[in-house]
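Observations on the three-dimensional arrangement
Below are the chains, spelled out letter by letter.
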Amino acid sequence: TGEQLTPPFSGIKILTTDATNDKSAPDRERARQALENFPLEDLKVMGVLFDGKTHYALIKTPAPNKPKHVRVGEFVGQNFGKITAITADGMTVLETVKDSNGAWVERETNILVPKEGGKK
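Position numbers for residues start from 1 in each chain and track the written sequence from start to end. Reporting in this predicted model follows two pLDDT cut-offs: at least 70 for local features of residues, and 80 or more for side-chain atom pairs to be given and counted; totals over whole chains, interfaces and linings ignore these cut-offs and use all residues. As a rule here, side-chain values cover all heavy atoms of the structure and leave hydrogens and water aside.

Here's the deal with the sheet that holds strand E2 (residues 54–60)
An order of E1-E2-E3 is seen for the three strands of this open sheet, with the pairing classed as antiparallel. Edge strands, defined here as strands with exactly one partner in the open sheet, are strand E1 (44–51) and strand E3 (68–71). Adjacent strand axes in the sheet meet at a mean angle of 30 degrees, parallel and antiparallel pairs treated alike. When E2 meets E3, the two strands line up antiparallel, connected through four bridges. The residue bridging Tyr-56 from the neighbouring strand is Arg-71, located in E3. At least two DSSP bridges between two strands are required for those strands to pair. Note on conventions: DSSP H or I runs of at least 4 residues are helices, E runs of at least 2 residues are strands, and numbering of each starts at the N terminus. Think of each axis as a best-fit line through the C-alpha atoms, taken over the contacting stretch in the case of a helix, with angles from 0 to 180 degrees between the N-to-C directions.

Remarks on the pairing of E2
Looking at chain direction, E1 and E2 are connected through seven bridges and run antiparallel. By the bridge assignment for E2, Val-48 is matched with Ala-57. Hairpin connection of E1 to E2: two residues between the antiparallel strands, including Gly-52 at a positive phi of 70 degrees.

So, the nonpolar core
Within the largest apolar cluster, 16 residues are counted, with the highest numbers of intra-cluster contacts made by Val-45, Ile-59, Val-76 and Met-91. Of all the secondary-structure elements, those providing two or more residues to this core are E1, E2, strand E5 (81–87) and strand E6 (90–98). We call two residues in contact when some of their heavy atoms are within 4.5 Å. Not counting residues up to four positions away in its chain, the partners in contact with Val-45 are Ala-57, Leu-58, Ile-59, Gly-90, Met-91, Ile-111, Leu-112, Val-113 and Pro-114. Throughout, nonpolar core names a set of buried Ala, Val, Leu, Ile, Met, Phe, Trp, Tyr and Cys residues whose side chains join them through atoms within 4.5 Å. Working definition: with a 1.4 Å probe on protein chains only, accessible area under 20% of the residue-type maximum means buried, over 50% means exposed, and in between means partly exposed.

Thoughts on unusual backbone geometry
The peptide bond linking Ala-63 to Pro-64 adopts the cis configuration, its omega dihedral lying at 10 degrees. Positionally, Pro-64 belongs in the loop between E2 and E3. We note that Phe-80 has phi near 55 degrees; this positive angle belongs to a residue other than glycine. Here Phe-80 is to be found in the loop between strand E4 (75–76) and E5.

A few points about the pairing of E5
Pairing of E4 with E5 involves two bridges; the strand directions are antiparallel. By the bridge assignment for E5, Phe-75 is matched with Lys-82.

Let's talk about the side chain of Thr-61
Looking at the element boundaries, Thr-61 is found in the loop between E2 and E3. In contact with Thr-61, other than residues within four places in its own chain, are Leu-35, Phe-38, Asp-42, Leu-43 and Lys-66.

Below you can see the structure in the form of structure tokens.
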């Protein structure tokens, strides 16, 4: 009976994953880019430009901001979204978000250029 019991909610018993050791966690030390200040759903691809092998997407942001051009490898949206492809139809963004269990997972989103007449 001389045994010391650890209280059930003691910090000694609670194990957490250190974000610095989680290899799937996004790089929080990286300098954030301008289009990471907007939710991904607020960004619209207005057109695509091809300059040789480099593809650019023209992104419309909420007013009063001016449109901005981006290319593959740049970051957009508030969920660590990285542009992985730009085609004539639009761009593909790979976001890194936490799932319901707190694990970092990747989610792919396509943002398409609006078709003629404003229909998608």
